[in-house]
Amino acid sequence: MTRHLTFTAGIFLMICMMLFSCKKDTPLCTDDEAFCSFINNQNYDATGPIIDDFLSDLSADEPETSLNLLVDWLECISCVDNVSLICNSCILTLPAQSELSVDYLSNGQTVTLVMDISMGDTLTFIRHHE
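Residues numbered from 1 in each chain as written. Predicted model: local features only at pLDDT ≥ 70, side-chain atom pairs only at ≥ 80, totals over all residues. Heavy atoms only, no water.

### Here we look at the sheet that holds strand β3 (residues 109-119)
Consider a sheet: its strands pair through backbone hydrogen bonds, and that pairing is either parallel or antiparallel. The strand order β1-β2-β3-β4 describes an open sheet built from four strands, whose pairing is antiparallel. Edge positions in the sheet fall to β1 (80-91) and β4 (123-129), since each has one partner strand and no second. Adjacent strand axes in the sheet meet at a mean angle of 25 degrees when their direction is disregarded. Where β3 and β4 come together, six bridges link them in antiparallel fashion. Counterpart to Met 119 in the pairing with β4 is Leu 123. Sitting on the sheet, helix α2 (residues 32-40) touches β1 and β2 (97-106), and the angle it makes with β2 is about 80 degrees. The strands touched by helix α4 (residues 63-75) within the sheet are β1, β2, β3 and β4, with β1 carrying the most contacts at an inclination of about 160 degrees. (Pairing = 2+ DSSP bridges. Helix = DSSP H or I, 4+ residues; strand = E, 2+ residues; numbered from the N terminus. Axes fitted to C-alpha atoms, helices over the stretch in contact; angles between N-to-C directions. Contact = heavy atoms within 4.5 Å.)

### Quick notes on the packing of aromatic side chains
This model, assessed by the stated rule, comprises four aromatic pairs. Taking the centre distance of 6.2 Å and the plane angle of 35 degrees together, the rings of Phe 35 and Tyr 104 count as tilted. Taken together, the residues Phe 35 in helix α2 and Tyr 104 in strand β2 connect sequence positions 69 residues apart. Among the residues examined, Tyr 104 registers a relative accessible area of 0% and is labelled buried. For the pair Phe 54 and Trp 73, a centre-to-centre distance of 4.6 Å together with 5 degrees between the ring planes defines the contact as stacked. Residue Phe 54 is located in helix α3 (residues 48-55), and its partner Trp 73 is located in helix α4; the two are separated by 19 residues in the primary sequence. Each member of the pair, Phe 54 together with Trp 73, is buried. (Phe/Tyr/Trp six-rings, centres within 6.5 Å; stacked < 30°, edge-to-face > 60°. Buried < 20%, exposed > 50% of the residue type's maximum accessible area, 1.4 Å probe, protein only.)

### Section: the state of the cysteines
A complete count under the given rule lists three disulfides for this structure. Here Cys 29 connects covalently by a disulfide to Cys 76, the sulfurs 2.1 Å from one another. One end of the pair, Cys 29, is in the loop between α1 (2-21) and α2; the other, Cys 76, is in the loop between α4 and β1, with 47 residues separating them in the sequence. Taking the relative accessible area as the measure of exposure, Cys 76 reaches 26% and is therefore partly exposed. With a sulfur-sulfur separation of 2.3 Å, Cys 36 is cross-linked through a disulfide to Cys 79. Note on the Cys 36 and Cys 79 pair: the S-S dihedral is about -90 degrees, so by sign convention the disulfide is left-handed. Of the two residues, Cys 36 sits in helix α2 while Cys 79 sits in the loop between α4 and β1, which places them 43 residues apart along the sequence. Per residue, the accessibility class of Cys 36 equals that of Cys 79, and both read buried. (Disulfide = S-S within 2.5 Å.)

What follows is the structure in structure tokens.
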């Protein structure tokens, strides 16, 4: 009986640790296959609707946090090697735009592009450029 209680308590403790160690703000690596299909076809701007779908769940009231979550989400996609935030709201348009440097893995080669994000009421993908 004691052995059974110890085992049950151990299982309960493990489950609690797993639940409380999960980070709520960690993005799920969603749309990996569709996203990478566009990247492998070198149709980078076609990823815009997928990016916008992710951005639609983020708060424009917290631009730094939202941009960091975008970086985290992009980095967990299999065809993205590295992402870095170049600047937050540094392009003085209306609304301002932010830039990210993205290293894509496309057909065995690394392609580095700059991604522009509009910082309006809803963050929005604008384009990729060199």
